[in-house]
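Take a look at the letters that make up each chain.
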Amino acid sequence: MLKNDVGSIADDPKSMSKEELDKALEKVPKRPVMLIADDVEMNRVLLSQFFQDKYDILEASDGREAIALIEENDVNILIVDLVMPVMDGYEVLKVLRRRSIDIPVIVMTARNDGESEARAMEMGAADFITKPYNPTVVQCRVRNVMARVENEWQKLEQVAKDQQIVEMHATIERDALTGLYNREAFYQRTADMIRDHSDIKFCIIYLDISCFKAINDLFRVETGNLILRTSAYYFLATIDLETSLAARIEADHFVICMPEEQLNIERLIEGLDNTILSLGISHNILFYAGVYPVEETALPVDQMCDRAHMALNKIKGNYMNRYAYYDASMRDQMLQEQMIVRDMNFALQEHQFTIFLQPVYSLVSNHIVSAEALVRWFHPVNGMISPGKFIPVFERNGFIVKLDRFVWEEVCKFLKRQRESGQKLIPVSVNVSRMNFYNLDLLEFLLNLIERYELEPWMLKLEITESAYTDNPHQLTSVIKVFREEGFPVLMDDFGSGYSSLNMLKNLPVDVLKIDMAFVRELEKSARARSILKSIMHLAFDLDMGVVVEGVETKAQVDFLASIGADDIQGYYFSKPLPVPDFIEKLRKDWDDSPENLESKAE
Ligand code: C2E
Ligand code: CA
Ligand code: CA
C-alpha cells in the first residue's frame, strides 16, 4: 500500500481490528500538510500565507517536484497549478490516479476557463480555484474539500477514544493479580445485578484464608500469589457468570455474590480445599467463609459484605467450623458496639462509670485481705452494661487507657477516704490493660496519683493479663521490673488461660499469680487440672510468688484449694463485686469481728 493511500479511512472504523485502527490512526496528522505546486513563486507565497496557520506547507515549482514530495511526505491536500513547465497539473493528476494515490486535489487555473476545469474534475480533482485569488473563496474551497477527510479523522479518533475508555474500564474494574473484580467494581456491579434480577434471591459469601500471612512469610511471595490466583480461577470456574460475581476485595479476602439456591457452601469450600491441595504446597491452607443471605436488597453492597464478614469473624480460627451464616444477633452486637463508641466519652464526663469492689479472702486468716476494683457502666438508657461488653471495644479503640486511669483514681479516692476515716486499709488491685504500655507516662501517672492522694504504692496492686506477656515479653518484663522497684505489687491476671508454660514462670518478675477462673471450673471435673494446679502452687512457693485463685464458687473448690495450700481466694462463694458503700460495710464488719479486734476491745 502506498504511503498516501487514505482509502482505508473510508472503511467503518468501528469494524476495524485494533491493528487496522492503529495503522489508520497513524495517518491522522497533528497538523495537516498542504503541498502547493506552482511555477510562480509569488503565487506560492500568497497561498501559503492563507494557510500557514492551519497547515504545514510544502512547495513545488513543477509537477515532477510535486510528485517527489508526495512520495516522501504524508501530504493531505494538494493545490496544483494546471499550467507548469516540466510536468503540468493534468500530468500530476494522471500520475496520482495511476498510482492510486488518493489525495484531495484542488487545481488552479489562470482564468475562468470552463473547459480546462471540467477536464481536471474528470481526472479526479476535487475542486478548482481561479487566479487572481480571492482569499475568502480560496479558503472556503479548501475547507470544503478537507471537510470530508477531517470528518473521517474525527470518526477514527472517536472510535479510538471509545476503545481506550472500554479498555481502561476493564483495567480499573479488575484486580491485577487475579483478574477478578476489585472492591469498587464488585459493589457497583452487584448492586446492578441484584436490582436487575428482583426474582432471584442472592447471597454474599465472604472468604478468607487462614494464616495467609504465615504462608507469605514461610514461602515466597509467588507462592502466596499462586494460591490467590488459583482460588480466583476456582471461583470463576464454579459460579454461573450470568448471575454471579466474584471479587478480591483486599489481600486474601474474596467475595462472591450468587443466587442462594445455587450455593452449596460445604461443597464450595471442599472444592476450594482440593484445588489448593493440588498445588502441592505443604501447609495447611484453609478457607473460611461467612454467608449473608441478602434479605434487604436495598442495603448498600458494602454493608452486605460487612455482614458476611461479621459471620466469618464468628468462626475465624476455629478449625471445626469452616463457615457461618449471618444472623440478626450479630447485627445487634454491632449496633451495641456502635452505641458504646458513640456514648463513651460523654459517659466518662458524666460519671456513668463507677467501680465495684470484690473482696479477696484469706483462707488462713479468714479475713478480707485485699480487693479488686471492677468497673461498671450505668447507662441512662440501657441500664447496667457489663465490662465484658465494653472493655473489648475500648481495648480496640484505645479508650481503655482513659477509663483505666479513671478507675485507678477512683480507687485512690476510696483508699484515701478509708485512711482518713480511720478504717481498715487493705490494698486494692486494679486492671492495667495492655494498651497502657504504649504510653510513656504510665509510671509517672501512677506515681503522681499516689502522691496526690497521699498513699503508698503497696496499696495499689497492678493486674496485668497473662496474654499481654505473650504479646511482648521483653518490653513488658522491663516495665514490670520498674513498677516493682517503685513498690507497686504486680499480679499476673488470668494465669492459665493463655499459653504461658510453667517453665516460663521462672523468668517472670511478678509478685502474684492470679489463677484464671476457667481453671477453677475444671478442678471438679479433671484430675489433671487438679495436679497442674498443685504443681503451680509448688512452683509459686519455690519462686516466692503469691497466688490468688479467682472465680471460686463452691465449698468443694474452697476445700480442695485449702488442701493444696492455696490461701487467697476471690469469688462468688465469698462475695460478688460490691458497690463501694456495701464493700466498706462488709470490710468493717469483717474486721470488727476479728479476734484481734475483740482482743483490743477487751483491753
Ligand atoms: P477479670 O479481671 O478477670 O475480673 C474478674 C471477673 O470475674 C469479674 O467480672 C468478676 O465479677 C468475675 N467474677 C469474680 N468472681 C466470680 C465467680 O465466682 N464466678 C464468676 N462467674 N465470675 C466471677 P467483670 O467485673 O464482669 O469483669 C470482666 C472483665 O472485664 C475483667 O476480668 C477484666 O478483664 C475486665 N475489667 C473489669 N474492670 C476493668 C477495668 O477497670 N479495667 C480493665 N482494663 N479491665 C476491666
Ligand atoms: Ca483482673
Ligand atoms: Ca482475671
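Residues numbered from 1 in each chain as written. Chains lettered and ligands numbered in written order. Predicted model: local features only at pLDDT ≥ 70, side-chain atom pairs only at ≥ 80, totals over all residues. Heavy atoms only, no water.

**Quick word on the sheet that holds strand S3 (residues 77-81)**
Spatial strand order, S2-S1-S3-S4-S5: five strands in an open sheet with parallel pairing. Edge strands, defined here as strands with exactly one partner in the open sheet, are strand S2 (56-60) and strand S5 (127-130). The mean inter-strand angle of the sheet, taken between neighbouring strand axes irrespective of direction, is 20 degrees. With four bridges joining them, strand S4 (residues 105-109) and S5 adopt parallel strand pairing. Across the sheet, the residue bridging to Thr109 is Thr130, located in S5. With respect to the sheet, helix H5 (residues 114-122) is in contact with S4 and S5, its orientation differing from that of S5 by roughly 150 degrees. (Pairing = 2+ DSSP bridges. Helix = DSSP H or I, 4+ residues; strand = E, 2+ residues; numbered from the N terminus. Axes fitted to C-alpha atoms, helices over the stretch in contact; angles between N-to-C directions. Contact = heavy atoms within 4.5 Å.)

**What to know about a nonpolar patch on the surface**
Among the surface-exposed residues, Val40, Met42 and Leu46 lie close enough to one another that they form a single nonpolar patch of about 250 Å² accessible area. Note that Met42 resides in helix H2 (residues 41-51). Take Met42: its relative accessible area is 53%, and that puts it in the exposed class. (Patch = residues over 30% accessible without salt bridge, like charges linked within 9 Å, V, L, I, M, F, W, Y side chains within 5 Å. Areas by Shrake-Rupley, 256 points an atom, 1.4 Å probe, with all protein chains shown as cover. Salt bridge = Lys/Arg side-chain N within 4 Å of Asp/Glu carboxyl O. Buried < 20%, exposed > 50% of the residue type's maximum accessible area, 1.4 Å probe, protein only.)

**A look at the coordination of the calcium ion (ligand 3)**
Only Asp493 (OD), Asp494 (OD) and Glu550 (OE) from the protein coordinate the calcium ion (ligand 3), and they sit 2.0 to 2.4 Å from it. When the donor residues of the calcium ion (ligand 3) are listed from N- to C-terminus, their spacing reads D-D-x55-E. The two metals, the calcium ion (ligand 3) and the calcium ion (ligand 2), are separated by 3.9 Å and share Asp493 as a common coordinating residue. By relative accessible area, which is 6% here, Asp493 ends up buried. (Donors = N, O, S within 2.8 Å, 3.2 Å for Na, K, Ca; no water.)

**Re the domain arrangement of the chain**
As far as domains go, the chain holds domain 1 (6-170), domain 2 (183-326) and domain 3 (335-602). Spacing between the C-alpha centres of domain 2 and domain 3 amounts to 43 Å. (Domains from an automatic or database assignment.)

**Focus on the packing of helix H11 (residues 301-315) against helix H12 (residues 328-349)**
Viewed as axis vectors pointing N to C, H11 and H12 meet at an angle of 95 degrees, and their least axial separation amounts to 10 Å. As far as their axial angle goes, H12 and H11 are roughly perpendicular. Between H11 and H12, the residues in contact are Arg307, Met310, Ala311 and Lys314 and Met330, Arg331, Gln333 and Met334, respectively. Classifying every residue of the contact of H11 with H12 gives four nonpolar, one polar and three charged. (Parallel < 35°, antiparallel > 145°, perpendicular 65-115°, else oblique. Nonpolar A, V, L, I, M, F, W, Y, C, P; charged D, E, K, R; others polar.)

**What to know about the nonpolar core**
Judged by nonpolar contacts, the single largest core of 83 residues is most densely connected at Phe353, Phe390, Phe394 and Leu561. Considering every element that reaches this core, the biggest residue donor is helix H14 (residues 400-420), with ten residues. The contact partners of Phe390, leaving out residues within four places of it in the chain, are Ile340, Phe353, Val375, Arg376, Trp377, Ile385 and Leu403. Of all hydrophobic cores here, the second largest spans 30 residues; its members include Tyr206, Leu245, Ala247 and Ile249. (Core = buried A, V, L, I, M, F, W, Y, C linked by side-chain atoms within 4.5 Å.)

**Overview of the environment of Glu486**
Here Glu486 lies in helix H17 (residues 473-486). According to the relative accessible area criterion, Glu486 is partly exposed, its value standing at 37%. Separated by 30 residues in sequence, Glu486 and Glu456 place their C-alpha atoms 9.9 Å apart. In this structure, Glu486 is in contact with Leu443, Leu447 and Pro457, ignoring residues within four places of it in sequence.

**Things to note about the site of ligand 1**
Residues in close proximity to ligand 1 total 22 residues, the closest being Arg376, Asp404, Met517, Glu553 and Tyr572. Note that a nitrogen atom of ligand 1 is positioned 3.0 Å from one of the side-chain N or O atoms of Gln358. In this structure, an oxygen atom belonging to ligand 1 sits 3.2 Å away from a side-chain N or O atom of Glu372. Relative to its free-state accessible area of 790 Å², ligand 1 is covered by the protein chains to the extent of 83%. Every element with two or more residues in the shell around ligand 1 is listed here: strand S12 (367-379), helix H13 (387-397), H14 and strand S16 (490-495). Considering every element that reaches the shell around ligand 1, the biggest residue donor is S12, with four residues. Across the shell around ligand 1, the residue classes tally to ten nonpolar, five polar and seven charged. (Near = heavy atom within 4 Å. Polar contact = N/O pair within 3.5 Å; in protein donor to acceptor, adjacent residues only side chain to side chain.)

**Describing the pairing of S3**
Burial analysis of S3 places five of its five residues in the buried class, the great majority of the element. The alternating pattern of S3 places Ile77, Ile79 and Asp81 on one face and Leu78 and Val80 on the opposite face, and all of these are buried. Taken together, the four bridges between strand S1 (residues 33-37) and S3 define a ladder with parallel strand orientation. Residue pairing in the sheet places Leu35 in a bridge with Leu78 of S3. Tracing the backbone out of S3, into helix H4 (residues 89-98) and back to the parallel element S4 gives a crossover that is right-handed. (Right-handed = clockwise from strand over helix to strand, strands pointing away.)

**With respect to the coordination of the calcium ion (ligand 2)**
Octahedral six-donor coordination of a metal ideally yields angles of 90 or 180 degrees, compared with 109.5 degrees for tetrahedral four-donor coordination. Every protein donor of the calcium ion (ligand 2) is accounted for by Glu372 (OE), Asn431 (OD1), Glu463 (OE) and Asp493 (OD), and the metal-donor separations fall at 2.1 to 2.3 Å. Counting along the primary sequence, the residues that act as donors to the calcium ion (ligand 2) give the motif E-x58-N-x31-E-x29-D.

**Overview of the packing of H4 against H5**
Close contact between H4 and H5 brings their axes to 10 Å; oriented N to C, the two are set at 15 degrees. Here H4 is positioned roughly parallel relative to H5, judged by the angle of their axes. Regarding H4 and H5, the two cross each other, and that crossing is left-handed. Taken together, the residues of H5 that come into contact with H4 (itself represented by Tyr90, Leu93 and Arg97) are Ser116, Arg119, Ala120 and Glu122. Considering only residue class, the contact of H4 with H5 consists of three nonpolar, one polar and three charged. (Left-handed = near helix turned anticlockwise from the far one by under 90°.)

**As for unusual backbone geometry**
Of note, the bond from Lys131 into Pro132 is cis; its omega dihedral lies within 30 degrees of zero at -10 degrees. Structurally, Pro132 is set in the loop between S5 and helix H6 (135-173). With a phi close to 60 degrees, His351 is a non-glycine residue in the positive phi region. Within the secondary structure, His351 sits in the loop between H12 and strand S11 (353-362). By relative accessible area, which is 48% here, His351 ends up partly exposed. A positive phi angle, near 65 degrees, is found at Asp544, a position not held by glycine. Along the chain, the position of Asp544 falls in the loop between helix H19 (527-542) and strand S18 (546-550).

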